[in-house]
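Each chain is listed here by its residues.
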Amino acid sequence: MVKLILPYMETERLILRELKRSDAEHVFEYAVLPNVGPNAGWEPHKTIEDTHEFINYAIKKRELGQPGIFAIILKENYKFIGTIEIHSYRTYKAAIGFVLHPDYWNKGYITEASKAVIIYGMEILELKRLEYCHFPHNISSKRVCEKLGFTFEGILRRKYLLYNGTVCDDVTYSIIKEEYDEGKIPWVKSFKKDLFIDY
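Quick look at the structure, then.

**A word on the overall build of the protein**
When helices and strands are counted, the protein shows seven helices and nine strands. Expected size for 199 residues packed as a compact globule is a radius of gyration near 16 Å; at 16 Å, the protein falls within 12% of this value. Dimensions of the protein, computed from the C-alpha atoms along their principal axes, are close to 45 × 40 × 40 Å. Taking as baseline every contact in the protein between residues at least 6 positions apart, the subset at least 24 positions apart corresponds to 67%. When the accessible surface of the protein is summed, it comes to about 10600 Å², and 51% of that surface belongs to carbon and sulfur atoms. Taken as two groups, the 28 positive and 28 negative side-chain charges of the protein have centres that lie 3 Å from each other.

This is how it looks when you write it as structure tokens:
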């Protein structure tokens, strides 16, 4: 199976590049925290071995035809602060997901990284549909969706089984090709001026 393109990208403040095994200690810094994983549906890591397993899984996804996971790096000091990916890829549709170290919440970094990944998804992967889902209690993700121009589609009841056996609703949003191509996502044109993509 041919691997999909996972480009190197730069935005005004960030570098997005492929997640590597050598990133494990940086991922573990936030993956071990109790307020990070549960918001995304996964159990906090207990040891660095959990993090190595996650990165090995991420690399394996590439081998199975998924685009892969980007590391989010601050340009100013090359600090690794999180990850972002297009997942559940099925040729014409996919979903976006992200995780950020709490020290860097509420600074616009996820919105900035997401804009780059949305452009990648719609223009390089040529997606017809890109969706984002979050749990009802995750108000921060709701705000990110609104800033990015995703359209609210509804709540999928009891869709997601958590690691602890709890079944949760999923709030679902999407961007579709037609609205992207017709310029209905207002930030795209200006953001692309400062976006560098190398593939």
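**Some details on unusual backbone geometry**
One non-glycine residue with positive phi stands out, namely S88, at about 55 degrees. Residue placement: S88 occurs in the loop between β4 (80-87) and β5 (93-100). Of note, the phi angle at R158 is positive, near 50 degrees, even though the residue is not glycine. One can find R158 in strand β7 (residues 151-161).

**Structural notes on empty space enclosed by the protein**
A full pass over the atoms with the stated rule returns one cavity of 30 Å³ or more. In this structure, the largest cavity spans a volume of roughly 40 Å³. As for the largest cavity, its lining consists of E18, L19, A58, I59, R62 and I69. The element that contributes the greatest number of residues to the lining of the largest cavity is helix α3 (residues 48-63), accounting for three residues. Here the residues of the lining of the largest cavity sort into four nonpolar, no polar and two charged.

**As for the pairing of strand β3 (residues 68-74)**
Counting buried positions along β3 yields seven of seven residues, so the element is predominantly enclosed. Note: β3 against β4, six bridges, orientation antiparallel. Along β4, the bridge assignment pairs G68 with I86. Connecting β3 to the next strand, β4, in antiparallel fashion are five residues, including Y78 with a positive phi near 60 degrees.

**As for the sheet that holds strand β8 (residues 167-176)**
Ordered in space as β7-β8-β6-β5-β4-β3-β2-β1-β9, the nine strands form an open sheet in which the pairing is mixed. Both outer strands of the open sheet, β7 and β9 (196-198), are each paired with one neighbouring strand and no more. Strand-to-strand twist in this sheet, taken as the mean axis angle between neighbours without regard to direction, amounts to 25 degrees. This element, helix α1 (residues 24-31), spans β4 and β5 of the sheet and lies at about 90 degrees to β4. Along the sheet, helix α5 (residues 139-148) makes contact with β5, β6 (129-134) and β8, crossing β6 at roughly 155 degrees.

Here is what the cut-offs are and how they apply
Residues numbered from 1 in each chain as written. Predicted model: local features only at pLDDT ≥ 70, side-chain atom pairs only at ≥ 80, totals over all residues. Heavy atoms only, no water. Helix = DSSP H or I, 4+ residues; strand = E, 2+ residues; numbered from the N terminus. Rg over C-alpha atoms; globule rule 2.2 N^0.38 Å. Contact = heavy atoms within 4.5 Å. Areas by Shrake-Rupley, 256 points an atom, 1.4 Å probe, with all protein chains shown as cover. Lys, Arg positive; Asp, Glu negative; His and termini not counted. Charge placed at Lys NZ, Arg CZ, Asp CG, Glu CD. 1 Å grid on protein atoms, 1.4 Å probe; cavity = no way out; pocket = protein on both sides within 12 Å on 5 of 7 lines; lining within 4 Å. Points joined across faces, edges and corners; volume = space filled by probe spheres on them. Nonpolar A, V, L, I, M, F, W, Y, C, P; charged D, E, K, R; others polar. Buried < 20%, exposed > 50% of the residue type's maximum accessible area, 1.4 Å probe, protein only. Pairing = 2+ DSSP bridges. Axes fitted to C-alpha atoms, helices over the stretch in contact; angles between N-to-C directions.

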